[in-house]
Every structure is written in structure tokens, then in C-alpha cells.
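So you can see what is in the structure, the chains are spelled out below.
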Amino acid sequence: MTRAFPQNFLFGAATAAYQIEGAAFEDGRTASIWDAFCRVPGAVIGGDDGDVACDHYHRHPQDVALMKDLGLQTYRFSTSWSRVRPDGGAVNAKGVDFYERLVDELLANDILPWLTLYHWDMPQALQDVGGWTNRDTVSRFLEYAGTMHDALGDRVNVWTTLNEPWCSSFLSYTGGEHAPGHTSVAEGLLSAHHLLLAHGETVRELRGRDASLNLGITLNHTVADPADPTNPADVDAARRVDGQFNRWFLDPIYRGEYPADIVEDIRVVDAEAVARFDEAVHDGDLATIAQRIDTQGVNYYHGDLLAGAAPEHAAVESVPDTERAVRSPYPSFEGIHAVERGLPRTAQNWEVQPEGLTRLLQRIWSEYAEPAGVALSLTENGAAYDDVAVIADGETRVHDDDRTEFLRLHLAAVLDAVDAGVDVRGYFYWSLFDNFEWAWGYDKRFGIVRVDYDTQQRSVKDSGREYARIIAARAL
Ligand code: BG6
């Protein structure tokens, strides 16, 4: 059976500045928190860093040509704050130029630029004065957003303020797994609030400059299911994961409020942190955060099956084998256990759970997006597998059937949501290229295009060829 995608549905792929650009200290760019974090012993597998990455900074014309060959209609990328405003200070013309060239290249190839302002790489100089825990950072971010809009506002219509603020707050300031690698509940709460405030202020500013812009934010989500829906402890574990991961961001953005049940859960474990958080939330902040948006980006990798108590269940997170001290990114984590349900797994041990994506999209749509008139796009979905490169007829091939299957299953899950009435406007595979996967370094390959890090040779994998066929047919 052939299943067609809606007329207005866009096919794309996603990347992020630090993960692919390289040229980390060229043309005036200064250190970001990831440049610094990569140098902390044990922070990143293999001691890897983004100094060279996919060298996209120097290879963007060829890379855009490759996107064109694949038939991508849109390309989701992020701009680097420390390239554009090094140290969070004055504008660096050379940094701005790079993004002008990239956007012009995309437009010349009929590829819609889908720009994300923040994909985790804050200037280290701003982290030195508190980073996202410092309210002043919101003003610095607004200056940076304004610079990007000054340069590209005439050519870029789709603006995403933040990618996955859960990661740049709780995973980074509470869990310690990402830069800056702190393990404080209070810092996680403060940084999440200031990130959301930066989002709201930016939407207000850009909307004021140009009412025709398509403005939004990308959130990462899970589908938290109780192992036994009749067991109150399991139901409660699922509620707490959903609340700390999904609702902590959805509720303020769509409803102008933080989830009260979760605030109380966190108060039980760290009353002092919640007191600091309460002080950080000023009058009017929530109204700013709840600015009307046009698009919500949904990033989905897998769901969670949860139990409240059971010694045989594993702790909830799958973290890379880091030598550093990390803790749960959930402020309230006691009594949350992951349950094995026998699903296939990726090379990162992440479950492959496409049906969760359909339910997730339906839930966000009916509870949040539809009442607010917001369209959804799947801005990230993808999988790492242990690819094997083979040479055939002088060409490098990767027969990544597992990734091809992953892609097809998730595209079908998106179509199931569309059939159920959800307004999903696009799909971006994560990622276009194998790249620097944060704490996992170059150890994990997500790309539909293989990158040989010794030669910087790009080779379209079988999954990429299949994606190109699907895009051409606009059907599964
Ligand atoms: C998403 C991020 O959370 O997951 C991407 O937005 C990231 O930047 C992707 O690369 C995969 O996760 P990881 O931890 O393997 O890099």
C-alpha cells in the first residue's frame, strides 16, 4: 500500500553548529562551553572535541550540493553564538558572513533554511559569569538573536529560538552530563527558567520586527508509560517523568504556568532550590514565556516504560560511560525505574518505539498545540547504529538496513498521526551527517551520510538513498 504525505509536508534533515562546523577558533570565534567541556578529562568519550568535526565551515558549498542531491526541501541548522558574538560581546562580521553564505547557498538550491539560534553552545565567557543561571544572559541572548535577524531577516522565515531546553538546563546543570557539567538542582531550575525567558523575549522581539516570521521552539519529548497502569507507584513514576521532561516546558510555553505537582515534588527533595527558583520567577515572566508561537518542533527518539519500585529494574537514564560524576537529570528521581520491554535497541541502547511517536504527536496536538493554533514539525528523529563501510566499485557504501527500517517506521508513525488529524508539517532526520554527538563524541554515528573523519569524505548511506527515494515519491 502506498501512503502519500500531505502537500504541505516538508522533508528535511537536521544538524547543529558545534556538532559539524569545526573551525572552532577561526575567523574570530572564541570558546563556547562545549569547547571548554571537551577539555575536561573524562567528559566526552574518547576525549573527542568539535575542533574539526565535519569541517562544514569550509565545506558548506559541497554539503549544500549534497542536500540538493538528496532532494531535501529544508535544512535545519543552528548558528553559533560564539562565532557571531564572540564571548557574548561585539558582533564578529566574519562569523555573520558565514551564515549569510550558507543561507544564500541554501536558497540558491531551493532549500528552505530552518534556523535554530541556540543548540547548546553558549560563549564560555558568559558561563564564567553564571551562564543560564544568570538572568543577564537573557539580555545577551536577545542581542545575539537581534544580530542574526539583522543579517538574515530578509531571507530566513523560520526561526527556532532554542533546541531542547531540557538538555541545556537539567541535563547540563543538574545531571552534569552536558556542558557546563554541573550537578545542582537549583542551577537546573534557574537555567530552565532563563532559557524559557530568552525564548519568550526573542519571540516578542522578532514578532515586533516582522509579523510574517514563523517563530517557534523545539522541545525533546518522551512518552512516559507506567509498566502496570493499575499500580499507583508505576503511574506516579510515569507522571513524574512526564512532568519533569515534557510538561516542565510545555506548560509555561502554552499555558503560562509551571506544573504545580512537579514543583511540589521537587520541593520535597530540595526546598532551598525551589525557594531560589521562586525568587527567579519575576512577575510577568510567565506571560513573556507564553508568547504566541507558530510552530513547535518535536524531537523524538524513544519513550520510557516506568515502574515505581522494583529492584530488578534499571535506573532510568542511559548515560554514556563517562568517568565524571553525573547524577540524574531529574531533580526528583527516587523511585523511578526503567522497565525492559524487549523492544529492539539502537547502538546507544535507546529503544526503537515508533508507535510512541504517534501517541506523542496526538497528545501534544490535542492538549497543547491545537487549542493554541500551533503547527507541529518533527524536528529530530534518528538512530545511531554500528555502521560498517564497504568499498564496492570504488565507492564507499554503508548498508545500514537497521537505520533505513528506523526511518521508514517513524515516517509511517508520523503519517498515522496525520491520519488521526494532527497538523504535522515536516520531518527532519537527525542527522544529515555523522557528527560530534556531544558526550558520546564521534563514537556514535547517526548520519544518513557517512563522514570519514580522516579524509572528510562524505558517502550517502543506503538509508540516505532510501530517504531520497521517499522524498522524490512523497510517499511511503
Ligand atoms: C538530540 C540533540 O537530543 O539528540 C542532538 O538535539 C543530538 O544535538 C541527538 O545529537 C542525539 O543525542 P546524542 O546524545 O547521542 O548526541
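Residues numbered from 1 in each chain as written. Predicted model: local features only at pLDDT ≥ 70, side-chain atom pairs only at ≥ 80, totals over all residues.

A. Seen up close, the site of the ligand. Neighbouring the ligand are 13 residues; Ala16, Glu164, Glu437, Trp438 and Trp440 lie closest to it. The residue inventory of the shell around the ligand, partitioned by class, reads five nonpolar, four polar and four charged. (Near = placed C-beta within 6 Å. Nonpolar A, V, L, I, M, F, W, Y, C, P; charged D, E, K, R; others polar.)

B. Representation of the nonpolar core in the model. Formed by 135 residues in total, the largest nonpolar core has its most connected members in Ala13, Tyr75, Val298, Leu306, Leu361, Leu376 and Val414. With 11 residues, the top contributor of residues to this core is helix H9 (residues 185-209). Every residue in contact with Ala13, bar those within four places of it in the chain, is listed here: Leu72, Tyr75, Phe428, Tyr429, Ser431, Leu432 and Ile448. (Core = buried A, V, L, I, M, F, W, Y, C linked by C-beta atoms within 7 Å. Buried ≥ 20, exposed ≤ 12 C-beta atoms within 10 Å, placed from the backbone. Helix = DSSP H or I, 4+ residues; strand = E, 2+ residues; numbered from the N terminus. Contact = placed C-beta atoms within 7 Å.)

C. Looking closely at the sheet that holds strand S11 (residues 375-380). Strand order around the closed barrel formed by eight strands is S1-S2-S3-S4-S5-S7-S11-S14, with parallel pairing between neighbours. The mean inter-strand angle of the sheet, taken between neighbouring strand axes irrespective of direction, is 25 degrees. (Pairing = 2+ DSSP bridges. Axes fitted to C-alpha atoms, helices over the stretch in contact; angles between N-to-C directions.)

D. Representation of the UniProt feature "binding site: substrate" (unreviewed entry) in the protein. Here, UniProt's "binding site: substrate" (unreviewed entry) annotation points to Gln19, His119, Asn163, Tyr301, Trp430, Glu437 and Trp438. Residue placement: His119 occurs in the loop between strand S3 (112-118) and helix H6 (124-127). Discounting residues that sit within four places of it in the chain, His119 has contacts with Ala16, Ala17, Ser78 and Asn163. The residue Trp438 is located in the loop between strand S14 (424-430) and strand S15 (449-452) in this model. (UniProt positions renumbered as here; feature names shortened; annotations may be inferred.)

E. Layout of the confidence of the model for the protein. Here the protein averages 96 in pLDDT, and 97% of its residues register 70 or above. Listed scores for the predicted complex are pTM 0.97 and ipTM 0.91. (pLDDT = per-residue confidence, 0-100.)

F. The arrangement of the packing of helix H14 (residues 354-372) against helix H15 (residues 401-419) in detail. At a closest axis distance of 8 Å, the pairing of H14 and H15 adopts a crossing angle of 30 degrees. Compared by their axis directions, H14 and H15 come out roughly parallel. Crossing of H14 against H15: the hand is right-handed. Facing Pro354, Glu355, Leu357, Thr358, Leu361 and Gln362 of H14, the residues of H15 in contact are Leu409, His410, Ala412, Ala413, Val414, Asp416 and Ala417. Looking at the contact of H14 with H15, its residues break down into eight nonpolar, three polar and two charged. (Parallel < 35°, antiparallel > 145°, perpendicular 65-115°, else oblique. Left-handed = near helix turned anticlockwise from the far one by under 90°.)

G. Geometry of unusual backbone geometry. That bond from Ala179 to Pro180 is cis: its omega, 10 degrees, falls within 30 degrees of zero. In this fold, Pro180 is placed in the loop between helix H8 (165-174) and H9. Looking along the chain, the bond that leaves Trp430 and enters Ser431 is cis, with omega of 10 degrees. Tracing the sequence through the fold places Ser431 in the loop between S14 and S15. Positive phi outside glycine occurs at Asp55, with the angle close to 55 degrees. Relative to the helices and strands, Asp55 is located in the loop between helix H2 (33-38) and helix H3 (56-70). Phi is positive for Asp393, which is not a glycine, with a value near 50 degrees. Secondary-structure assignment places Asp393 in the loop between strand S12 (389-392) and strand S13 (395-398). Accessibility expressed as a C-beta count within 10 Å gives 5 for Asp393, which makes it exposed.

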